[in-house]
Amino acid sequence: MKSFLKKISVLLLAAALLSGCGSRNSAQTAEDFIEENEEQADDIITVGFSQLGAESDWRSANTDSMMSAFTEDSGYNLIYKNGQQKQANQITAIRTFIQQEVDYIVLAPATESGWDTVLSEAREAGIPVILVDRRVNASDKNLFSCWVGSDFELEGRKVAAWIKAFTEAKDIAPEELHIVNIQGNLGSSAQIGRTRGLANAARENGWDLMAEVSGDFTETKGRETMAALLKRFDNVNVVYCENDNMAIGAIDALESAGKTVGSNIAKGEVMVVSFDGVNEKALEYAREGKISCIAECNPLHGPRVRALIEALRSGESPQKFNYVDEKLFSSLNDVSGVMIDGMEYNVENP
Ligand code: AHR
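Below you will find a few notes about this structure.

What counts, and at which threshold
Residues numbered from 1 in each chain as written. Predicted model: local features only at pLDDT ≥ 70, side-chain atom pairs only at ≥ 80, totals over all residues. Heavy atoms only, no water. Helix = DSSP H or I, 4+ residues; strand = E, 2+ residues; numbered from the N terminus. Buried < 20%, exposed > 50% of the residue type's maximum accessible area, 1.4 Å probe, protein only. Contact = heavy atoms within 4.5 Å. Areas by Shrake-Rupley, 256 points an atom, 1.4 Å probe, with all protein chains shown as cover. Salt bridge = Lys/Arg side-chain N within 4 Å of Asp/Glu carboxyl O. Pairing = 2+ DSSP bridges. Right-handed = clockwise from strand over helix to strand, strands pointing away. 1 Å grid on protein atoms, 1.4 Å probe; cavity = no way out; pocket = protein on both sides within 12 Å on 5 of 7 lines; lining within 4 Å. Points joined across faces, edges and corners; volume = space filled by probe spheres on them. Nonpolar A, V, L, I, M, F, W, Y, C, P; charged D, E, K, R; others polar. Domains from an automatic or database assignment. Axes fitted to C-alpha atoms, helices over the stretch in contact; angles between N-to-C directions. Parallel < 35°, antiparallel > 145°, perpendicular 65-115°, else oblique. Left-handed = near helix turned anticlockwise from the far one by under 90°. Near = heavy atom within 4 Å. Polar contact = N/O pair within 3.5 Å; in protein donor to acceptor, adjacent residues only side chain to side chain. Sits in = over half its atoms within 2 Å of the grid points. Core = buried A, V, L, I, M, F, W, Y, C linked by side-chain atoms within 4.5 Å.

Turning to the overall build of the protein, a few remarks are in order. Looking only at helices and strands, the protein has eleven helices and 14 strands in total. The 350 residues of the protein split such that 51% are buried. Put simply, of all contacts in the protein between residues at least 6 apart along the chain, 71% involve residues at least 24 apart. Surface summary for the protein: the accessible area is close to 15,800 Å², and the carbon and sulfur share equals 47%.

Right, here's the structure in full:
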């Protein structure tokens, strides 16, 4: 935004010169004024933030976190653009940020592929790009400075490990698990990782993974997708929802179809498991046992992105990939923790 601020300074200079009728003293005052302003302008960091959309409570919490971390009081000018779930909108936003000569670009990409061209344009303009939340599968890792977000596959593995431990504790045979996966937006890192976590566990454990269908991370699509799945299958007893908003919609559809939602699979209940742990209604469902297990996905990335930008500004090279620690929630007492790759993850109350 440097050029924009300089334009303002020039306008102020013109105004000062005109009001002072060009006298030597007033011209000097105007010059001092501009010099001071330029110094201040150099201190303000302009960040262009391309958020992918507003599809879930997680996303709203993430946007709020970014807004609170990059305030004018803390020396930032944040330009926020909502991509409305469309990569084309996000590409346009990045090109606008380049034209505006922002100091940094922060990108929360909707999907992983298709970013090479626009990220090359940012690199040619000398603007560092920080990725947040999801990732891109760029051909050249130097097209972005660093990334901060969740290990989505680990989240999926945690929920799958919890299902395995819980059903073993209840003596439910693996082949008795008839699972449907209501996926997030296809091609997004969150969908790819969580889908992989379940698919691998289903193959390894001999679970019947009957269908994988996208519900776009929204409550409405979660409800529609669940209703459609109930028409295709009459034996669903585990619903793996790739976020809480879809779980809320799916529970609504299950209850409307006369099903009881809960963990007592042997008695015909349908178990729902989910991700995020942000939405208050989903947390309440988890306390009531309507959602059996939630893998936390932490949205509070604003201060983390700011720390990365501050590290880059002071000439440091932050880690390329920065993972956040996340918890596993369940109000059922049968499983106290799960082990993954030698690491124990405790199960906490939601
Ligand atoms: O990328 C993070 C995921 O995106 C969250 O789990 C989901 O709720 C959001 O829409």
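Moving on, there is more to tell.
Applying the stated criterion across every chain, the model contains 20 salt bridges. Measuring nitrogen to oxygen at the nearest pair gives 3.1 Å for the salt bridge that ties Arg123 to Asp140. Taken together, the residues span a long stretch of sequence, with Arg123 in helix α5 (residues 116-124) and Asp140 in the loop between β4 (129-132) and β5 (146-149) at a distance of 17 residues. Note on Asp140: relative accessible area 24%, which makes it partly exposed. Taking the shortest distance from any N to any O, the salt bridge between Lys327 and Glu348 comes out at 3.8 Å. Here Lys327, found in the loop between β11 (321-323) and β12 (328-329), pairs with Glu348, found in strand β14 (residues 343-348); they are 21 residues apart in sequence, far enough to count as distant. Through salt bridges with shared partners, a single ionic network connects Glu55, Arg59, Asp133 and Arg134.

In spatial order, the strands read β7-β6-β8-β9-β10-β12-β14-β13; together these eight strands make up an open sheet with mixed pairing. Two strands lie at the open edges of the sheet, namely β7 (208-214) and β13 (337-340), each paired on one side alone. Note: strand β10 (residues 291-296) against β12, two bridges, orientation antiparallel. Each residue of the ladder has a partner; that of Ala295, found in β12, is Leu328.

All right, on to the pairing of β7 then. Relative to β7, strand β6 (residues 178-183) runs parallel, the two being bridged by six bridges. The residue of β7 that forms the bridge with Gln183 is Ser214. Chirality of the crossover, the property in question, places the unit of β6, helix α7 (residues 189-205) and β7 among those that are right-handed.

What follows covers empty space enclosed by the protein. Applying the stated criterion across every chain yields a total of two cavities of 30 Å³ or more. One number sums up the size of the largest cavity: a volume of about 90 Å³. What lines the largest cavity is a set of 14 residues, and nearest its centre among them are Trp58, Arg59, Arg134, Phe217 and Asp276. Of all elements in the fold, only α3 (57-69) and α7 reach the threshold of two or more residues within the lining of the largest cavity. A breakdown of the residues in the lining of the largest cavity according to their chemical character gives five nonpolar, two polar and seven charged. No fewer than three residues from each of domain 1 (4-149 + 300-323) and domain 2 (152-298 + 327-348) sit in the lining of the largest cavity.

The subject of this paragraph is the packing of helix α8 (residues 219-232) against helix α9 (residues 244-256). For the pair α8 and α9, interaxial distance at closest approach is 7 Å and the crossing angle is 40°. What the angle tells us is that α8 and α9 run oblique. Taken as a pair, α8 and α9 cross one another with a handedness that is right-handed. From α8, Glu219, Gly222, Arg223, Met226, Ala227 and Leu230 reach across to α9, where they touch Asn245, Met246, Ile248, Gly249, Ala250, Asp252, Ala253 and Leu254.

What follows deals with the site of the ligand. Every residue lining the ligand is accounted for by Glu55, Ser56, Trp58, Arg59, Asp133, Arg134, Phe152, Ala190, Arg194, Phe217, Asn243 and Asp276. Measuring from an oxygen atom of the ligand, one finds a side-chain N or O atom of Asp133 at 2.8 Å. Arg194 places a side-chain nitrogen or oxygen 2.8 Å from an oxygen atom of the ligand. Considering the ligand on its own, with 280 Å² of exposed area, one finds that the protein chains cover 100% of that surface. Structurally, the ligand is housed in the largest cavity. For the shell around the ligand, the secondary-structure elements that each account for two or more residues are α3 and α7.

This brings us to the pairing of strand β1 (residues 45-51). The side chains of a regular strand alternate between both faces of the sheet. The buried fraction of β1 is high, at seven of seven residues. Burial along β1 is two-sided: Ile45, Val47, Phe49 and Gln51 facing one way and Thr46, Gly48 and Ser50 facing the other are all buried. Once you follow β1 into α3 and on to strand β2 (residues 76-82), the crossover reads as right-handed.

Now for the nonpolar core. Val180, Ile182, Met226, Val239, Leu254, Val272 and Ile291 are the most contacted members of the largest nonpolar core, which totals 32 residues. Within the residue set of this core, elements represented by two or more residues are β6, β7, α8, β8 (238-241), α9, α10 (280-288) and β10. Among the elements that make up this core, the one with the highest residue count is α9 (seven residues). Setting aside anything within four residues of it in sequence, one finds Leu254 in contact with Met226, Leu230, Val239, Lys259, Val261, Val270 and Val272.

Worth remembering: the numbers are spatial, not functional.
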